[in-house]
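The chain contents come next:
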Amino acid sequence: MAHVIALSNQKGGVGKTTTAINLSAALARLGQRVLLVDLDPQGNASSGLGHPKDAVSAGTYDVLMEYRDLDSVRQPTSLDKLEVVPATTDLIGAEVELVSADRREQRLRKALNRVRDSYDFIILDCPPSLGLLTLNALIAADAVLVPLQAEYYAMEGLGELLRTIHAVQKGANPDLRREGIVLTMFDGRNNLSKEVEGEARKLFGKEVFKAVIPRNVRLGEAPSYGKSIVEYDPRSTGSRAYVDLAAELLRRHGIKFKRPEALS
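Here goes a summary of the coordinates provided. From a predicted model like this one, the values you see are computed outputs, not experimental measurements.

A few words now on the pairing of strand β5 (residues 121-125). Put simply, side chains in a regular strand alternate between the two faces of the sheet. Counting buried residues in β5 gives five out of five residues, a clear majority hidden from the surface. On β5, burial covers both faces: F121, I123 and D125 on one face and I122 and L124 on the other are all buried. The pairing of strand β1 (residues 3-7) with β5 spans five bridges and is classified as parallel. In the sheet register, A6 faces β5, and the bridge partner there is L124. Bridge analysis of strand β2 (residues 34-38) against β5 gives five bridges, and the strand direction is parallel. Residue pairing for β5: V34 is matched across the bridge by F121.

Structure follows, in structure tokens:
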């Protein structure tokens, strides 16, 4: 049965979607069956895997509104073991439409429960907010992975997210846990990046992954080609960082894997 992990941070521009795409792809390259669910109305995770939202007829919105089941909207990607449930242009209205819906916070969990046996990991890319889309993700998830930008104000908003996670744990999803924190946009030459890393590791200890994601031009280029970094430039520092992150995640879950030579 799949491990369901929500990537969430209501602070925008922290590398959340970049991490969702490339962690999913790296896990797939390490032999895992992965489904990426795009819950962000911007649809960047979808376009980054070759499915722009204006070219997709059905996706996450249709699943949440119970117009379609998840099996009928998931799409293949260029990686054999990675599929995506894309965002469509309709997803931008989902927050409003769900307000009056029955069991509005449980829609995603219900849909994912039907396909969990088909995957090893299901990754949920949340919007940069704490609305109904993110709440659906937190209730559906087993754990939350928080991308944390290694820059000034990095901790801003993190407390609110942690309080939201705690509230969900006390209510609709008592089994929700924190998968950990991954440092993104890290520049080892920058004292500020090192200070943020030190503060995060002091506050959260082993929850912070050893793997850190660097600032890397190739990471920014890959989405324009509809590819993950492990396909676009597998030898880049960005690719190696995400494979390291995926490998560390698998070790945390006690899952054996073989790292392909091309990703070493």
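After that view, the rundown keeps rolling.
Right, let's get into the sheet that holds strand β4 (residues 82-85). Whether parallel or antiparallel, the strands of a sheet pair through hydrogen bonds between backbone atoms. Spatially, the seven strands line up as an open sheet ordered β3-β4-β2-β5-β1-β6-β7, and their pairing is mixed. Strands with a single pairing partner mark the edges of an open sheet, and in this sheet they are β3 (75-76) and β7 (177-184). Taken together, the seven bridges between strand β6 (residues 143-149) and β7 define a ladder with parallel strand orientation. Across the sheet, P147 pairs through a bridge with V182, a residue of β7. Against the sheet, helix α7 (residues 158-170) makes contact with β6 and β7, and its axis sits at roughly 175 degrees relative to β6, the strand it touches most. Against the sheet, helix α11 (residues 237-252) engages β1, β5 and β7, with an angle of about 160 degrees to β7.

In this section: the pattern of salt bridges. Close approach of charged atoms allows side chains with opposite charge to pair. Tallying each qualifying case throughout the model produces 17 salt bridges. Among the ionic pairs, E221 bridges to R218, the shortest N-O distance being 2.8 Å. Taken together, the residues span about one helical turn, with E221 and R218 both in helix α9 (residues 217-221) at a distance of three residues. E221 sits in the partly exposed class, given a relative accessible area of 26%. You can call R218 partly exposed: its relative accessible area is 30%. A single salt-bridge network, built from bridges that share partners, covers K16, D40 and D125.

Glancing now at the nonpolar core. Nonpolar side chains in soluble globular proteins generally cluster together in the buried interior. Core analysis: the biggest nonpolar cluster contains 50 residues, and V37, L70, L108, L112, I122 and L124 have the highest contact counts within it. Ranked by residue count, the leading element in this core is helix α6 (residues 132-140), at six residues. The contacts of L112, once residues within four sequence positions are left out, are V4, V37, L70, I122, L124 and A140. If you look at the next biggest cluster of nonpolar residues, it comprises 38 residues, including L7, A25, L82 and A241.

Looking now at the packing of aromatic side chains. Counted under the stated rule, the structure contains two aromatic pairs. Here Y61 and Y67 contribute two aromatic rings whose centre-to-centre distance is 6.0 Å and whose plane-to-plane angle is 65 degrees, an arrangement assigned as edge-to-face. Residue Y61 is classed as buried on the basis of its relative accessible area of 8%. Note on Y225 and Y232: the rings are 5.1 Å apart at their centroids and 25 degrees apart in plane angle, and the pair reads as stacked. Among the residues examined, Y225 registers a relative accessible area of 55% and is labelled exposed.

Bridge analysis of β2 against β4 gives four bridges, and the strand direction is parallel. Each bridged residue has a counterpart across the sheet, and for L35 the counterpart in β4 is E83. With two bridges connecting them, β3 and β4 associate as antiparallel partners. What sits directly across from P76, in β4, is E83. Taken together, β3 and the strand that follows it, β4, pair antiparallel across an intervening segment of five residues.

Our focus in this paragraph is the side chain of T134. For T134, the location among the structural elements is in helix α6. With a relative accessible area of 1%, T134 lands in the buried category. Leaving out residues up to four positions away in the same chain, T134 has contacts with S8, C126, P127 and S129.

Reading guide: rules and limits
- Each chain carries its own residue numbering, running from 1 in the direction its sequence is written.
- Reporting in this predicted model follows two pLDDT cut-offs: at least 70 for local features of residues, and 80 or more for side-chain atom pairs to be given and counted; totals over whole chains, interfaces and linings ignore these cut-offs and use all residues.
- Excluded from the side-chain calculations are hydrogens and water; all other atoms, namely the structure's heavy atoms, are used.
- Per-residue accessibility, obtained with a 1.4 Å probe over protein chains only, is compared with the maximum for each type, and a residue is labelled buried under 20%, exposed over 50%, and partly exposed between these values.
- Only DSSP runs of H or I with at least four residues qualify as helices, and only runs of E with at least two residues qualify as strands; both kinds are numbered from the N terminus onward.
- When DSSP finds at least two bridges between two strands, those strands are taken to pair.
- In what follows, residue pairs with any heavy atoms lying within 4.5 Å of each other are defined as contacts.
- Here an axis means a line fitted to C-alpha atoms, over the contact stretch when the element is a helix, while the angle between two N-to-C directions is reported on a 0 to 180 degree scale.
- Take a side-chain nitrogen of Lys or Arg and a carboxyl oxygen of Asp or Glu: if they are within 4 Å of each other, that pair is a salt bridge.
- Nonpolar cores were defined as sets of buried Ala, Val, Leu, Ile, Met, Phe, Trp, Tyr and Cys residues, with membership established by side-chain atoms within 4.5 Å.
- Aromatic pairs are defined between Phe, Tyr and Trp rings, using the six-membered ring for Trp, whenever the two ring centres lie within 6.5 Å; interplanar angles under 30 degrees are classed as stacked, those over 60 as edge-to-face, and all others as tilted.

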